[in-house]
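Given next are the chains, with one letter for each unit.
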Amino acid sequence: TVLANLVLLAGGLFMCFLTSWRLTLLTSTLIGPVVWLSNVYARWSKKLNMKSLASVADANGVATEAMGNIRTVRSFGAEHIELGEYTGHLDTSLRYGMKDAFASSGLRIFDNYLNYAATALILWYGGLATLRSNDAHELSIGKLITFSLYWNMLNRAIKGLTGLLNTLIRAGSSAQRVFEIIDLQPDIPLDQGLSVGVNSSHGVGPLSLELRDVDFSYQMRSSKQVLSQLSFTVPAGHTVALVGRSGAGKTTIVNMLLRFYDPQGGELLVDGRPMCEYSLNSVKKHVGVVSQDTQVFCRSIRDNLTYGLSPEEVTEEMVEEASRMANAHDFIMEVDGGYSGMIGERGVQLSGGQRQRLAIARAFLRRPRLLLLDEATSALDAENEGKVQEALDQMMASVSKRCTVILIAHRLSTVINADKIIVLDKGTVAEQGTHAELLQHNRIYASLVKRQLQKQSNLVEDSEDYFSGKGKGGQSQVPDDIDNLFDADGPDDRAKGNDKGKAKEKGKGKEKGKKGKEKEKHGKGSWEEEDDAEAPWWKGKQKGDW
């Protein structure tokens, strides 16, 4: 089409000049305004079409998000809100489309009027020239008709090229968003750098890690420093637990170990070398991850378990063994098709605990040299949390000393078993050491455990039994939640103390139950009573010797 119109344009212009150069120059004065207006409209229409397409994309985003969270939408009866958001974006796109349509129609009307004016000018000037001409070589009636035909051919070529230009501009505005993504280059190259080597006499051994004065802040919140002069080491084969309040930088450290981000200051060393010197793909092959939000794909269970591994690296026996170790084999066999069964989009046919156990089995199969556990049980109910925690315990026992483990957990029972516990506060290391060492320091970590002991005082009767795991509940006596301990007890916690007073076992006597109710009546916590033996440690009413 472009070539045909260009040929018609060149041929028509040449024949018009050959027939009558005066008429050609005269009528060409009307082509200039059309070309100029078409250029102005094209630039304006490009911006308008981009805004219209952005509104359509926003509408699609609202629809996708609403469908993905349809249970929440239906639970809150918010269908009209989502519908309003969706129609609002579509109305915005419609307004932009109507503006473009009106402008395009106006340009076409103006173009037609100019064509009529050009035809009238040709007939008027050409007719007068023909009547006044006495020379046969001058403009005659035959030449005037011939010029009109050539001019129409030239005009059709100009219209065709103008329409094609407008189409290309609209297509360009649509493709620009795609090209921007295609042209993006990752800040961290995938294949450039060294391969992670062997550091063990037995072959591939665990990785050692070291963070030296690491600084980091996210681009969207550059004013907030997430990590500041952070330094600690993780010897090869050790298990290190990261503890801290929300926002202390625990997950950021995991993301940096996965090299989603590079430090903005300082160094992150792997086996004594800066991580940036290694090939990203090489590092990922040796890392296993179990995160708090497990992502699965709409594929078979086997494909999800072997994700990222080539068929030569894994066998059916290895898949089943990993599933058994992750406490996943039983529920997998209950799925239609077993390991070949489909789990639906984003794993909708599985519970949260089942998805987490699939993630643990997937990590088992990779035989990682570095294992990252990022609060794998934080979003689960008590029953699923117990099953997943059992699988995690089996995993940590099986990879002990053969894999370096970075652990973020909200269960003290998991943290206690770590070789080193690092307490983070505002992006820095507040203290580090083993569980016993940190208790002896009597600083942040010790206060966290003491406070948790007080909150569990209706379950734990002796602090020494608790720390030795010899209490009535054994390991289950260990407090479950460590994240909330960073917030000092306030009115809400006092209210919880009242509830605990009411929830005492009947074997402890009715007197305490009445006493708790009486305290609740007066709006005070059970530890506020002067003679209460379970007063918190910071009130000087601690039970037993720490």
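What you see is a predicted model, and the numbers here were worked out from it, not measured in a lab.

1. A look at the overall build of the protein chain
Part 1 of the argument: Tallying secondary structure elements over the protein chain gives 19 helices and ten strands in all.
Part 2 of the argument: By the burial criterion, 40% of the 546 residues in the protein chain qualify as buried.
Part 3 of the argument: Excluding contacts between residues fewer than 6 apart, the proportion of contacts in the protein chain whose partners are at least 24 apart in sequence is 71%.
Part 4 of the argument: Within the structure as shown, the protein chain displays about 30,700 Å² of accessible surface, and the carbon and sulfur contribution to it stands at 54%.

2. Re the sheet that holds strand E4 (residues 265–270)
Each strand in a sheet pairs with its neighbour through backbone hydrogen bonds, running either in the same direction (parallel) or in the opposite one (antiparallel).
Part 1 of the argument: Strand order in the open sheet made by the four strands is E2-E1-E4-E5, with antiparallel pairing throughout. With one partner strand each, in any of the chains shown, strand E2 (227–234) and strand E5 (273–274) form the two edges of the open sheet.
Part 2 of the argument: The pairing of E4 with E5 spans two bridges and is classified as antiparallel. Considered in E5, the bridge of Val270 is made with Arg273.

3. Observations regarding the side chain of Ser282
Part 1 of the argument: Here Ser282 shows up in helix H8 (residues 280–284).
Part 2 of the argument: Beyond its immediate stretch of four places on either side in the chain, Ser282 contacts Leu194, Ser195 and Val196.

4. Examining the packing of aromatic side chains
Part 1 of the argument: Enumeration according to the criterion identifies five aromatic pairs in this entry.
Part 2 of the argument: Judged by centre distance (4.9 Å) and plane angle (85°), the ring pair of Phe216 and Tyr218 falls under edge-to-face. Exposure class is identical for Phe216 and Tyr218. Each is buried.
Part 3 of the argument: Through a chain of ring-to-ring contacts, the aromatic side chains of Phe216, Tyr218 and Tyr261 assemble into a single cluster.
Part 4 of the argument: Taking the ring centre of Phe297 as reference, the NZ or CZ of Arg299 above it sits at 5.0 Å.

5. Some points on the packing of helix H2 (residues 21–28) against helix H6 (residues 141–182)
Part 1 of the argument: Relative orientation of the contacting elements H2 and H6 amounts to 40°, with a least axis distance of 11 Å. The angle between H2 and H6 falls in the class oblique. As H2 packs across H6, the resulting crossing turns out to be right-handed. Between H2, through Leu23, Thr24, Thr27 and Ser28, and H6, the contact on the second element is made entirely by Leu144, Phe147 and Trp151.

6. Structural notes on the pattern of salt bridges
Part 1 of the argument: Tallying each qualifying case throughout the model produces eight salt bridges.
Part 2 of the argument: Glu316 is the partner of Arg302 in a salt bridge, and the nearest nitrogen-oxygen pair spans 3.0 Å. Of this pair, Arg302 sits in helix H9 (residues 301–305) while Glu316 sits in helix H10 (residues 316–325), placing them 14 residues apart in sequence.
Part 3 of the argument: For Glu316, a relative accessible area of 32% gives the class partly exposed.

7. Comments concerning the environment of Arg212
Part 1 of the argument: Topologically, Arg212 is positioned in strand E1 (residues 209–216).
Part 2 of the argument: In this structure Arg212 comes out as partly exposed when scored by relative accessible area, which is 38%.
Part 3 of the argument: Along the chain, Arg212 and Gly266 lie 54 residues apart, while their C-alpha atoms are 5.5 Å from each other.
Part 4 of the argument: Beyond its immediate stretch of four places on either side in the chain, Arg212 contacts Leu230, Ser231, Gly266, Glu267 and Leu269.
Part 5 of the argument: Side chain to side chain, Arg212 and Glu210 meet in a polar contact 2.9 Å long.

8. Focus: the environment of Asn155
Part 1 of the argument: Within the element layout of this structure, Asn155 appears in helix H6.
Part 2 of the argument: A relative accessible area of 14% places Asn155 in the buried class.
Part 3 of the argument: In this structure, the C-alpha to C-alpha distance between Asn155 and Gly12, residues 143 residues apart in sequence, is 8.6 Å.

9. Comments concerning the side chain of Asn255
Part 1 of the argument: Residue position: Asn255 is located in helix H7 (residues 250–257).
Part 2 of the argument: Discounting residues that sit within four places of it in the chain, Asn255 has contacts with Tyr218, Phe260 and Tyr261.

10. Notes on H6
Part 1 of the argument: Helix length check: H6, at 42 residues, gives a terminal C-alpha distance of 59 Å against a target of 62 Å (1.5 Å per residue), a fit within 8%.
Part 2 of the argument: Its axis deflected by about 35° at Ala175, H6 carries its strongest bend there.
Part 3 of the argument: Contacts from the buried residues of H6 go to helix H1 (2–19), H2, helix H3 (31–68) and helix H5 (79–132).

11. Overview of a positive patch on the surface
Part 1 of the argument: Judged by side-chain charge, Arg43, Lys47, Lys51, Arg95 and Lys99 come together as a positively charged surface patch.
Part 2 of the argument: Sorting elements by how many residues they give to the positive patch places H3 first, with three residues.
Part 3 of the argument: If you trace the backbone, Lys51 turns up in helix H3.
Part 4 of the argument: Residue Lys51 is classed as partly exposed on the basis of its relative accessible area, which comes to 45%.

12. Observations concerning the confidence of the model for the protein chain
Segments scoring low in pLDDT should not have their predicted coordinates read at a detailed level.
Part 1 of the argument: Residues with a pLDDT of 70 or more make up 77% of the protein chain, whose mean pLDDT is 76.
Part 2 of the argument: Low pLDDT, under 50, characterises residues 199–203; the stretch is placed with seven contacts to residues that sit more than four places away or in other chains.
Part 3 of the argument: With pLDDT under 50 throughout, residues 458–480 is counted as low confidence; its partners more than four residues away or in other chains account for 42 contacts.

Each value, and the rule that gives it
- Residues numbered from 1 in each chain as written.
- Predicted model: local features only at pLDDT ≥ 70, side-chain atom pairs only at ≥ 80, totals over all residues.
- Heavy atoms only, no water.
- Helix = DSSP H or I, 4+ residues; strand = E, 2+ residues; numbered from the N terminus.
- Buried < 20%, exposed > 50% of the residue type's maximum accessible area, 1.4 Å probe, protein only.
- Contact = heavy atoms within 4.5 Å.
- Areas by Shrake-Rupley, 256 points an atom, 1.4 Å probe, with all protein chains shown as cover.
- Pairing = 2+ DSSP bridges.
- Phe/Tyr/Trp six-rings, centres within 6.5 Å; stacked < 30°, edge-to-face > 60°.
- Lys NZ or Arg CZ within 6 Å of the ring centre and 35° of its normal.
- Axes fitted to C-alpha atoms, helices over the stretch in contact; angles between N-to-C directions.
- Parallel < 35°, antiparallel > 145°, perpendicular 65-115°, else oblique.
- Left-handed = near helix turned anticlockwise from the far one by under 90°.
- Salt bridge = Lys/Arg side-chain N within 4 Å of Asp/Glu carboxyl O.
- Polar contact = N/O pair within 3.5 Å; in protein donor to acceptor, adjacent residues only side chain to side chain.
- Expected span 1.5 Å × (residues − 1).
- Bend = angle between axes of the 7 residues up to and from the residue.
- Patch = residues over 30% accessible without salt bridge, like charges linked within 9 Å, V, L, I, M, F, W, Y side chains within 5 Å.
- Lys, Arg positive; Asp, Glu negative; His and termini not counted.
- Charge placed at Lys NZ, Arg CZ, Asp CG, Glu CD.
- pLDDT = per-residue confidence, 0-100.

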